[in-house]
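# Chains, contacts and geometry: an overview
The lines below spell out each chain.
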Amino acid sequence: MYSLHSFTKQESYLKYYQNMVSANFDDVSGLKISQKETELNTMLSYLNKSAPQVVALRAEIKVLNAQLEKEKK
């Protein structure tokens, strides 16, 4: 059936793909944060910094940053 070498090789592939997915998640999350920060800067060009939309977007960015840091650990 399957040898120990076969399982070890499959395990290596699995770890490789898990690392790739993790790296891609970081890239996607970083991109999303960048998009939200751009959106925030645009909002700040026409809204007050205490406007509800600005406050909500800042909170969302803060949560995304916290989530990204948690995922990196």
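Source: prediction; values computed, not measured.

The subject of this paragraph is the overall build of the chain. In terms of helices and strands, the chain carries two helices and zero strands. The buried share of the chain, taken over its 73 residues, is 15%. Taking as baseline every contact in the chain between residues at least 6 positions apart, the subset at least 24 positions apart corresponds to 48%. Accessible area of the chain: about 6,200 Å², with a carbon and sulfur share of 58%.

Membership of the largest hydrophobic core is limited to nine residues, which are I33, L40, M43, A51, V54, L57, I61, L64 and L68. Looking at this core, the elements with two or more residues in it are α1 (4-44) and α2 (52-72). The element that contributes the greatest number of residues to this core is α2, accounting for five residues.

Parameters at a glance
Residues numbered from 1 in each chain as written. Predicted model: local features only at pLDDT ≥ 70, side-chain atom pairs only at ≥ 80, totals over all residues. Heavy atoms only, no water. Helix = DSSP H or I, 4+ residues; strand = E, 2+ residues; numbered from the N terminus. Buried < 20%, exposed > 50% of the residue type's maximum accessible area, 1.4 Å probe, protein only. Contact = heavy atoms within 4.5 Å. Areas by Shrake-Rupley, 256 points an atom, 1.4 Å probe, with all protein chains shown as cover. Core = buried A, V, L, I, M, F, W, Y, C linked by side-chain atoms within 4.5 Å.

Any functional reading would require information beyond the geometric quantities listed.
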